[in-house]
Amino acid sequence: MPVAVGRDAKEDILLHLEQVDAGANTVYLESSVQNLYGRHIRELLEDGLGDAKVEGVTVRAKDTGALDWVILARLEAGLRRLLPGFKTRLLPERAWEYRPQVPKDRWRRSRLYLPGNQPDLMVCAALFQPDGVILDLEDSVAPSEKDAARILVRNALLAVDFGPCERMVRVNQLPDGLYDLPDLLDTDGVDTILLPKAQRAEEVGQVAQFIKEYNTRWGSARRVWLMPILEDAMGILKSYEIAASCDEVCALTFGAEDFTRDIGAQRTKEGRESFTARCMLVMGARAAGVPPIDTVYSDVDDEAGLVASVKEAIALGFEGKGCIHPRQVRLIHDAFRPEEKEFQWAVKVKRAMEEAHARGQGVVAVGSKMIDPPVAARALKTLKMGEFYGMKEGGNHE
Amino acid sequence: MSDLILNAVGRRVPLEVNGKPQTIFQGVGAYRPTGPKAAPRIPSNADYGTDKRLRSLREALEKCGLRDGMTIGIHHHFRDGDLTVVPLFDTIAEMGFKDITFAPSALFPTHEPLIRHLESGVIHHIEGSMNGPIGRFCTHGRMKGTGILRSHGGRWQAAQDGELKIDIGLIPAPSADSMGNANGVNGPSACGPLGFALTDATFADRVIVLTDHLVPFPNVPWEIPGMLVDYVVEVEKIGIPEKIVSGTTRITKSPTRLLIAEYIAQFIEEAGYLGRSFQAGAGGISLAFVQYMAQRMRAAGVKAPFARGGSTKYLVDLLNEGLIGYILDGQSFDLDGVKSLRDNPKHISTSPFTSYNYHSKGNIAQHVGTAVLGATEVDLQFRANVVSHSDGYLLHGIGGWQNTLDADLTILAFPLFRGRIPIIVEEVTTVCAPGEMIDVVITERGIAVNPLRQDLLDRLKGSSLPIVTIEELRRKALQLCGAPDAPVRDMETPVAIVKWVDGTVLDTVFKVPERE
């Protein structure tokens, strides 16, 4: 049976593969960049078929400027669909040599969702400087394309330069998500796994155990963090247990769309239907000592609404927000920037703490005001955040 | 075809084209021809009454004395909505004439049917722009003569110094009276200014106005004065309004292009050009950068003395807000632009005569602070190409692009690659601008400043913008896309030449052999 794979869309390639009689493989190519890259793409496909050690396969390709790592991903996915039991990986060149371990407590103010079966957005994602990118294998991928998306995401983890962004992948809901993991872990290019519709602490722990064992087996020392997404009533009720399930959980986050459906409510702009759940998530996460991170704001055109929603999230105790469009990143980062007044106050608190410490005193005071330990801790956090934004003592007078 | 010799940008160009001797490019501002300007034939009033109407275009062409080998000019203000060019050549074919030199100010996809008249030899060659299927036809060397690509200003220059002699100028006009007084702001096919038609009105020996909206004398305003017109022909329809002013000129939604537009606005401010005049086109990036720049102008409390169109709703809004003093407009891209031009005394129609004229005592383009333009290729010497694709095929006309390079700060902005094809190249396929004309290249992955503009580099020191070298941009593009094959071109067979704004030959477009 002939199979199709890929997309007739920009920076992608659509392949039709067919097994004819044994003998030489045949490639027919139609490309928007025929004159400049046609020879190269044909060779790439022919060599790919050679590396795959297949015979008698006919490939009809319609290319719209796909990059090599995309073409290889589509060819591999096509061969897997065409030939049951086909296992050969067609890997692109790795764009990076060594990536340091991402710290568990890094900034996660913004994380940009990228549909897992759409390569063009992946290539430019880092330009918008989100703290993290999420290559999504779950809801943004049609059920029939899950296999192709997994291979595309794997190749993206190898070949795309995501710069300083944390590389996150949202796998499918467990237990299916377990099958997504080996392809991702083998690249050594994934920092954090998002677990959608997490409901039970045990399953999160199992994923951590699976990853640990898998990585040990092939000799990687990398610790891969987990970010469970709580998207239903059960998940919210178990938020503490899930957050505390294992040391790999780096944050808890919330999925509003599925949650409102689960409780039988309608999603509104004000979000009253999920207010309690978000507060419970904050408490569960904080009780377990991990930061809570808020859901996405889905109206891309409403910038004022997004900013208000981030401010509300900060007020509730969240430390980050999801983005479904690159334009949202800057607005979110600006909203997380501490107020100048707040930052300068934090500077004073730190100074007072140092002075008190030097004098051997336990009591910290700014002017005539005593500073309680939790207030001091908040000030230190503000200070750290402000310094991250380049804020300086006394303000910027340039 | 004559021998090819090397010009001042290091390109091989012919000394003779279509039987006419050519002057090769000698450097920017180096060529200054002398003597009197060219002029059309002397008419006499006694030959013209108050009613110049004729029954058909054919009758008008006959009365104009159309012969084999003549040159016919036309403007392009109807863009892709034009309904006059193809019927014009159908009529000429019916009349049995051939070897016509066709000199439009631009052509659009709707003009594809001209290919049959190029194949049959009714049209000898095109002087103007060649894109799409006509571009392919020319690039394959199938046109009888050699194409000549000129800028909007270059068309005016060539008419003035006698390089381009227009025998018959056809002026499709949205509104006209029986004397031939014409404008572009009234009638069902309103298109905005008619400035490009002034070349034909002023320099053609014979001028025909074609209209679908005949009004009683006097038709005011008369951007085209009837005293320059020989005949008036009324037809049912000269344009498709939705395609003339599409009304769909929208700010890009592409996050990459918006990022480029933000970089442009930030660069303009940090380079000290905020509050200076600017040129804004209708491209997605152009519309977007104006919005970001306007935000910065509001925050800084500065106004721009004027902006150059193509006008759009976005530019009109800024005029009404008081952020710009005037719009000096070459063409309107949407109905808001047309309406503002008609109703707002601070929205002025300008022509290539005032804007881009090389043979004048100064022009408007020289007064512009910042111009933001696109390009199909830029090379490591900052030379830029707008007419051909990297595979050698003709793609666009030059338009006003070469002319606006006269701005103080000329920015070329584009994504680092389009559909896998890198825009920064080792050597451009066709030189349309010498490197010294380009000050800055802005892409989503880095900004390169021409080393000739050390002043800009100094001012941008310490900027948060990603300033890199042009070589670095090239390296990044190759890393992402891989190296493309060199185009297959027959480097001994010119199919078209590219003129610089002074009429000298800047580069040659060579034949690309047809693949089976």
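Bear in mind that the values here come from a model prediction, so they are computed numbers and not experimental data.

Colleague: Teacher, can you tell me more about the overall build of chain A here?
Modeller: Within chain A, the secondary structure is distributed over 14 helices and 14 strands. By its C-alpha atoms, chain A is 90 × 50 × 45 Å across when sized along the principal axes. Counting over 398 residues, chain A shows a buried share of 43%. When contacts within chain A are restricted to residue pairs at least 6 apart in sequence, long-range pairs at least 24 apart make up 72% of them.

Colleague: I would appreciate a short explanation of the overall build of chain B in the present structure.
Modeller: Across its full length, chain B holds 15 helices and 30 strands. Relative to the compact-globule value of 24 Å for 516 residues, chain B shows a C-alpha radius of gyration of 23 Å, a close match. Once the C-alpha set of chain B is aligned to its principal axes, its extents read approximately 70 × 55 × 45 Å. Counting only residues that meet the buried cut, chain B has 57% of its 516 residues in that class. Across chain B, every contact between residues at least 6 apart in sequence was considered, and the portion connecting residues at least 24 apart equals 72%.

Colleague: I keep staring at helix H13 (residues 340–358) of chain A and nothing clicks. Help me out?
Modeller: Count 3.6 residues to each turn of an α-helix, and residues three or four apart come out pointing the same way. All names here are of chain A. Helix length check: H13, at 19 residues, gives a terminal C-alpha distance of 27 Å against a target of 27 Å (1.5 Å per residue), a fit within 8%. When we look at burial in H13, the residues that qualify are Phe 343, Ala 346 and Val 349. An end-on view of H13 places all buried positions within 115° of arc, on one side of the element. Exposed residues on H13 whose side chains face more than 90 degrees from its buried face are Glu 340, Lys 341, Glu 355 and Ala 358. Contacts made by the buried residues of H13 are with strand E13 (364–366), strand E14 (369–371) and helix H14 (373–388). Positioned one or two residues after H13, Gly 360 has a phi angle of 75°, which is positive.

Colleague: Got a minute to help me understand helix H12 (residues 327–336) of chain A in this structure?
Modeller: Residue and element names in this part refer to chain A. By the burial criterion, the buried members of H12 are Gln 328, Val 329, Ile 332 and Phe 336. Projected onto a plane normal to the axis of H12, the buried residues spread over an arc of 105° and lie on a single side. Buried residues in H12 make contact with strand E5 (110–115), helix H11 (303–316) and strand E12 (321–323).

Colleague: Can you walk me through the packing of helix H5 (residues 176–185) of chain A against helix H6 (residues 201–218) of chain A in this structure?
Modeller: Helix-helix packing is characterised by the crossing angle of the two axes and by the distance between the axes. Residues and elements named next belong to chain A. As a packed pair, H5 and H6 sit with axes 11 Å apart at the nearest point and diverge in direction by 35°. When the axes of H5 and H6 are compared, the crossing they make is right-handed. For the pair H5 and H6, contact is made by Leu 178, Leu 181, Pro 182 and Leu 185 and by Phe 210, Ile 211, Tyr 214 and Asn 215, respectively. Grouping the constituent residues of the contact of H5 with H6 by class yields seven nonpolar, one polar and no charged.

Colleague: What should I look at first to understand the environment of Glu 342 of chain A in this one?
Modeller: Tracing the backbone shows Glu 342 of chain A in helix H13. C-alpha of Glu 342 of chain A to C-alpha of Val 363 of chain A: the two residues are 21 residues apart in sequence and 21 Å apart in space.

Colleague: Looking at this structure, I do not really get the nonpolar core. What am I missing?
Modeller: Proteins that are soluble and globular tend to have nonpolar side chains buried together. Ranked by internal contacts, the top residues of the largest apolar core, which has 262 residues, are Val 169 of chain A together with Ile 171, Ile 208 and Ile 264 of chain B. Phe 343, Ala 346, Ala 379 and Met 391 of chain A belong to the second largest nonpolar core, which has six residues in total.

Colleague: Could you clarify how one ought to interpret the interface of chain A and chain B in this entry?
Modeller: How big an interface is tends to be expressed through the accessible area that disappears when the partners come together. Of the residues lining the interface, 19 residues belong to chain A; the matching set on chain B comes to 17 residues. It is helix H1 (residues 34–51) of chain A that contributes the most residues to the side of chain A that touches chain B, five residues altogether.

Colleague: Just to check I follow, could you spell out the sheet that holds E5 of chain A for this structure?
Modeller: Two modes of strand pairing occur in sheets, parallel and antiparallel, and in both the strands are linked by backbone hydrogen bonds. Residue and element names in this part refer to chain A. As summarised here, the arrangement of the eight strands in space is E11-E10-E9-E8-E7-E6-E5-E12, forming an open sheet in which the pairing is parallel. Because the sheet does not close on itself, it has two edges, and the strands there are strand E11 (292–293) and E12. Pairing of strand E10 (residues 252–254) with E11 involves two bridges; the strand directions are parallel. Within E11, the position partnered with Leu 252 by the bridge is Pro 292.

Colleague: Quick question: what am I supposed to make of the packing of helix H9 (residues 284–300) of chain B against helix H10 (residues 313–321) of chain B here?
Modeller: All names here are of chain B. Interaxial distance between H9 and H10 falls to 10 Å at its minimum, and their mutual angle equals 20°. Considering their axes alone, H9 and H10 lie roughly parallel with respect to each other. Crossing hand, H9 versus H10: left-handed. From H9, Leu 287, Val 290, Gln 291 and Ala 294 reach across to H10, where they touch Tyr 314, Leu 315 and Leu 318. Residue composition of the contact of H9 with H10, grouped by class: six nonpolar, one polar and no charged.

Colleague: Sorry if this is basic, but what is going on with the domain arrangement of chain B here?
Modeller: All names here are of chain B. Domain annotation of chain B identifies domain 1 (52–243 + 490–511) and domain 2 (255–481). Centre-to-centre, using C-alpha coordinates, domain 1 lies 28 Å away from domain 2. In terms of residue count, helix H5 (residues 152–160) provides more of the side of domain 1 that touches domain 2 than any other element does, seven residues in total.

Colleague: Sorry if this is basic, but what is going on with the domain arrangement of chain A here?
Modeller: According to the domain assignment, chain A consists of domain 1 (3–82), domain 2 (110–336) and domain 3 (340–388). Just the C-alpha atoms count here: the centres of domain 2 of chain A and domain 3 of chain A sit 33 Å apart.

Colleague: What is the right way to look at the pairing of strand E2 (residues 13–19) of chain A in this model?
Modeller: Sheet faces and side chains relate simply in a regular strand, where the side chains alternate between the two faces. Residue and element names in this part refer to chain A. Across four bridges, strand E1 (residues 3–6) lies against E2 in antiparallel orientation. Each bridged residue has a counterpart across the sheet, and for Val 5 the counterpart in E2 is Leu 15. Here E1 folds back onto E2, and the loop between the two strands holds six residues, one of which, Glu 11, carries a positive phi near 60°.

Colleague: When you look at the pairing of strand E14 (residues 231–234) of chain B in this model, what are you seeing that I'm missing?
Modeller: Residues and elements named next belong to chain B. Pairing geometry for strand E5 (residues 53–54) and E14, over two bridges, is parallel. The residue of E14 that forms the bridge with Leu 54 is Val 233. Bridge count for strand E13 (residues 206–211) against E14 is four bridges, and the pairing is parallel. By the bridge assignment for E14, Leu 210 is matched with Val 233.

Colleague: How should the sheet that holds strand E3 (residues 26–31) of chain A be read in this particular structure?
Modeller: All names here are of chain A. Across the sheet, which stays open at both edges, the four strands sit in the order E1-E2-E4-E3 with mixed pairing between neighbours. Only two strands of the sheet have a single partner each, and these edge strands are E1 and E3. Each adjacent strand pair in this sheet contributes to an overall mean axis angle of 15°, direction not counted. Those strands touched by helix H2 (residues 68–82) are E1 and E2, and its axis lies near 30° from that of E2.

Colleague: How should I be thinking about the confidence of the model for chain B in this particular structure?
Modeller: Detailed reading of predicted coordinates is not advised where the pLDDT is low. On average, residues of chain B score 94 in pLDDT, and 99% of them reach the 70 mark or higher. Across the assembled chains, the prediction reports ipTM 0.89 with pTM 0.93.

Colleague: It is not clear to me how the environment of Ala 261 of chain B should be interpreted in this structure. Could you clarify?
Modeller: Residues and elements named next belong to chain B. Considering the arrangement of structural elements, one finds Ala 261 in helix H8 (residues 255–270). Distance in space between the C-alpha atoms of Ala 261 and Met 95 is 51 Å, their sequence separation being 166 residues. Leaving out residues up to four positions away in the same chain, Ala 261 has contacts with Ile 285, Ala 288, Phe 289 and Tyr 292.

Colleague: What am I meant to see in unusual backbone geometry here?
Modeller: One can expect most non-glycine residues to show negative phi and most peptide bonds to be in trans. With an omega of 0°, the peptide bond between Phe 217 of chain B and Pro 218 of chain B qualifies as cis. Secondary-structure assignment places Pro 218 of chain B in the loop between E13 and E14. The omega torsion across Gly 309 of chain B and Gly 310 of chain B is -5°, close enough to zero to call that bond cis. Secondary-structure assignment places Gly 310 of chain B in the loop between strand E16 (307–308) and H10. A positive phi angle is found at Lys 53 of chain A, which is not glycine, with a value near 55°. For Lys 53 of chain A, the location among the structural elements is in the loop between H1 and strand E4 (57–63). For Lys 53 of chain A, a count of 8 C-beta atoms within 10 Å corresponds to the exposed category. In this model, Arg 420 of chain B sits at a positive phi of 80°, which is unusual for a non-glycine residue. Tracing the backbone through its elements, the reader meets Arg 420 of chain B in the loop between strand E23 (417–418) and strand E24 (421–422).

Colleague: It is not clear to me how the environment of Ser 368 of chain A should be interpreted in this structure. Could you clarify?
Modeller: Residue and element names in this part refer to chain A. Looking at the secondary structure, you find Ser 368 in the loop between E13 and E14. Under the C-beta neighbour-count criterion, Ser 368 is labelled exposed, with 5 such atoms within 10 Å. For the pair Ser 368 and Arg 200, spaced 168 residues apart in sequence, the C-alpha to C-alpha distance is 49 Å.

Analysis parameters
Residues numbered from 1 in each chain as written. Chains lettered and ligands numbered in written order. Predicted model: local features only at pLDDT ≥ 70, side-chain atom pairs only at ≥ 80, totals over all residues. Helix = DSSP H or I, 4+ residues; strand = E, 2+ residues; numbered from the N terminus. Buried ≥ 20, exposed ≤ 12 C-beta atoms within 10 Å, placed from the backbone. Contact = placed C-beta atoms within 7 Å. Rg over C-alpha atoms; globule rule 2.2 N^0.38 Å. Expected span 1.5 Å × (residues − 1). Arc of directions from axis to C-beta. Axes fitted to C-alpha atoms, helices over the stretch in contact; angles between N-to-C directions. Left-handed = near helix turned anticlockwise from the far one by under 90°. Nonpolar A, V, L, I, M, F, W, Y, C, P; charged D, E, K, R; others polar. Core = buried A, V, L, I, M, F, W, Y, C linked by C-beta atoms within 7 Å. Pairing = 2+ DSSP bridges. Parallel < 35°, antiparallel > 145°, perpendicular 65-115°, else oblique. Domains from an automatic or database assignment. pLDDT = per-residue confidence, 0-100.

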